[in-house]
Amino acid sequence: MVGRDDQPESGDGQTGRDGMAERPVVSDEAGVMPVEGRGLGSRQTLKVEREWRLGNLATPSNLQKLQTALHAKAKAEAEFRFYALYDKIYREDILAHAYACCRANKGAAGVDSQSFEEVDAYGVERWLGELAQALQEGSYRPEAVRRVYILKPNGKYRPLGIPCLRDRVCQTAAMLVLGPIFEADLPPEQYAYRAGRNALDAVKAVHSLLNTGHREVVDADLSAYFDSIPIADLMKSVARRVVDRRVLHLIKMWLDAPVEETDERGRKRRTTPNRDSGRGIPQGSPISPLLANLYMRRFILGWKKLGLESRFGARIVTYADDLVICCKRGADEALSAMREIMDKVGLTVNEEKTRTCRVPEGSFDFLGYTFGRCYSTNTGRAYIGTRPSKKSVKRMIDSIRTDTDRKLCWLEATEVVERLNLRLEGWANYFYLGPVSKAYKAIDAYTITRLRQWLCDKHKVQGGGRTRYPDEYFQEQLGLTRLWKSTQRLPWAKA
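Definitions and cut-offs
Residues numbered from 1 in each chain as written. Predicted model: local features only at pLDDT ≥ 70, side-chain atom pairs only at ≥ 80, totals over all residues. Heavy atoms only, no water. Helix = DSSP H or I, 4+ residues; strand = E, 2+ residues; numbered from the N terminus. Expected span 1.5 Å × (residues − 1). Buried < 20%, exposed > 50% of the residue type's maximum accessible area, 1.4 Å probe, protein only. Salt bridge = Lys/Arg side-chain N within 4 Å of Asp/Glu carboxyl O. Pairing = 2+ DSSP bridges. Axes fitted to C-alpha atoms, helices over the stretch in contact; angles between N-to-C directions. pLDDT = per-residue confidence, 0-100. Contact = heavy atoms within 4.5 Å. Patch = residues over 30% accessible without salt bridge, like charges linked within 9 Å, V, L, I, M, F, W, Y side chains within 5 Å. Areas by Shrake-Rupley, 256 points an atom, 1.4 Å probe, with all protein chains shown as cover. Lys, Arg positive; Asp, Glu negative; His and termini not counted. Charge placed at Lys NZ, Arg CZ, Asp CG, Glu CD. Core = buried A, V, L, I, M, F, W, Y, C linked by side-chain atoms within 4.5 Å.

(A) View of helix α13 (residues 288-305). With 18 residues, α13 extends 26 Å between its outermost C-alpha atoms, agreeing within 8% with the 26 Å of an ideal straight helix rising 1.5 Å per residue. Counting buried residues along α13, 13 of its 18 residues qualify, which places the element largely inside the surrounding structure. One or two positions beyond α13, positive phi appears at Gly307, with a value near 75°.

(B) Structural view of the pattern of salt bridges. If you walk through the whole model with that rule in mind, you get 25 salt bridges. Arg406 is the salt-bridge partner of Asp457, the closest N and O atoms lying 3.9 Å from each other. With Asp457 in helix α18 (residues 437-459) and Arg406 in the loop between α16 (390-403) and α17 (413-430), this residue pair connects regions lying 51 residues apart in the sequence. Salt bridges sharing common partners tie together Asp185, Arg240 and Arg241.

(C) Expanded view of unusual backbone geometry. Of note, the amide linkage connecting Val359 to Pro360 takes the cis form, showing an omega dihedral of 15°. Tracing the backbone through its elements, the reader meets Pro360 in the loop between β10 (355-358) and β11 (364-366). Here Leu367, not a glycine, exhibits a phi torsion of approximately 55°, which is positive. Within the element layout of this structure, Leu367 appears in the loop between β11 and β12 (369-375). A residue is classified by how much of its surface remains accessible, and Leu367, at 15% relative accessible area, is buried.

(D) Representation of the sheet that holds strand β5 (residues 216-221) in the model. With antiparallel pairing, the four strands of this open sheet are ordered in space as β8-β9-β5-β10. The outermost strands of the open sheet, each flanked by one partner alone, are β8 (315-319) and β10. Sheet twist, expressed as the average angle between the axes of neighbouring strands with direction ignored, equals 20°. Relative to strand β9 (residues 322-327), β5 is paired through six bridges, and the arrangement is antiparallel. For Ala220, the partnering residue across the bridge sits in β9 and is Leu323.

(E) Just the confidence of the model for the chain, in detail. In the predicted model, the chain carries a mean pLDDT of 87, and 87% of its residues have values of at least 70. Scored below 50 in pLDDT, residues 491-495 makes 19 contacts in the model with residues more than four places away or belonging to other chains.

(F) Structural context of a positive patch on the surface. There is a patch of like positive charges on the surface, built from Lys156, Lys353, Lys391 and Arg395. As for its position among the elements, Lys391 is in helix α16.

(G) Looking closely at the sheet that holds strand β13 (residues 382-388). Spatial ordering of the open sheet is given by β11-β12-β13, a layout of three strands whose pairing is antiparallel. Looking at which strands have only one partner, the edges of the open sheet turn out to be β11 and β13. This sheet shows a mean twist of 45° between the axes of neighbouring strands, independent of strand direction. Judged from the three bridges that link them, β11 and β12 form a sheet pairing that is antiparallel. Its bridge partner being in β12, Phe366 is matched across the sheet by Tyr369.

(H) Broad picture of a negative patch on the surface. Together, Asp112, Glu117, Glu118 and Glu143 make up a region of like negative charge exposed at the surface. Take Asp112: it is sitting in the loop between α4 (92-105) and α5 (116-122). The exposure class assigned to Asp112 is partly exposed, which follows from its relative accessible area of 35%.

(I) Highlighting a nonpolar patch on the surface. A contiguous nonpolar patch, built from Tyr149, Leu151 and Tyr157 and spanning about 360 Å² of accessible area, is present on the exposed surface. Note that Tyr149 resides in strand β3 (residues 145-151).

(J) Structural context of the nonpolar core. Judged by nonpolar contacts, the single largest core of 140 residues is most densely connected at Val169, Phe299, Trp303, Ile325, Met338 and Phe364. Per element, the largest residue contribution to this core is eleven residues, and it comes from helix α7 (residues 165-183). Setting aside chain neighbours within four positions, we find Phe364 in contact with Val206, Leu210, Val217, Asp219, Val324, Arg355, Cys357, Val359, Tyr369, Thr370 and Phe371. In this structure, Ala108, Val148, Leu160 and Ile162 belong to the second largest nonpolar core, which totals five residues.

(K) Quick peek at the pairing of β12. For β12, the buried fraction is high: five of the seven residues fall into the buried class. Hairpin connection between β11 and β12: a loop of two residues separates the two successive antiparallel strands, and Leu367 in this loop has a positive phi of roughly 55°. Where β12 lies against β13, seven bridges are found, and the strand directions are antiparallel. Bridge assignment links Cys374 to a residue of β13, and that residue is Tyr383. From the end of β12 to the start of β13, which pair antiparallel, there are six residues, and Gly380 there has a positive phi angle of about 80°.

In structure tokens:
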């Protein structure tokens, strides 16, 4: 089938390319460690074994067998509680794979400033052996979490916690063991941090619901989800499946770990906000995505147990703390019911960002896309579809502006173009659903304008530089990626 820029008409399904990265990568310069939090998909056991991956590293066969057995047991017996897991966490092959995963994900150092290079110089086997011994003897204690802040698109700052390398490896090992167990319990409404699922799958699920009559939408936002999760209730959710006291104690220590911050004068200060408030899991640690998914499950189960799914003809789609409820009827009542459940589980709805709308008369944004009325570029016919949101386009424009700042004129043009190409291609790998030509052309035009100005500043060219640097120059001579040319190759197919 020939690819096209407009989406299928209402009632057709959306499909898309596989392999899209489901989470943003934060640079090491920001002091933030990219976090891998995927678990096993709820699939047949043999398929699960084939799909398990972490940090782009194939899982060793012995670990695969363990994960497959744990997942199969949890899937077969919903009430089974695992009682002997702690010794698996400090098993030699599991710690070695956890270390390899952490190294592949890179990331900044914690409060002890220890780096992978230092561990290599010390001896990886020796270092892992000492960690295993500390876990086995019960003398292991996590260090404080280094807190950093990253700027959010709305101008506010998001706190992230960076554990020490030792704690990072230990948490990853625990996730390798616990992930398959809890993955068996996660409902299909959850799309984040799971093998075989990504943000685009959540986008397609919402689009499909809208085109099957679920057009009254609750567009919900939670206030500081990670920071407000009640620790006691979270531990109950963990203990529902895990009764190994040493594992529970390990998780509790990570949740209660102190936080270290450095002020403008370089002074360090340690606090214990999670332990003092009884709330919060540290965003940025390897175990956090698993725990966040586990707690969101409580809301979804509560929604179903109260019969709200059938009452409103409603389907939930969540990606971490991003949440929409697509209803066939009664969206306003569904919103009230959602507030009540969230209050019971100790979470807070952000009233300023939470609303209801009816599609196609209205529209809403979810995971970078705007859902609403679109028009076919071929026939002009209206349909319910998706397009890159204005905020997503603006963020891309801002990133291009940063990459072509005149302060970077000391760089070679080829290096700047390489950076831009990586950014452009990454953006297009995610934003390719629906009518994208308008966004692509706007980004292409802005990129050329900025790059032309950058070249003029670098080489001190007077005027606009169009004669010396025509549009064709950027693609033909510098190899700049042009997004709009890719719209004819979009992989549309009917579901």
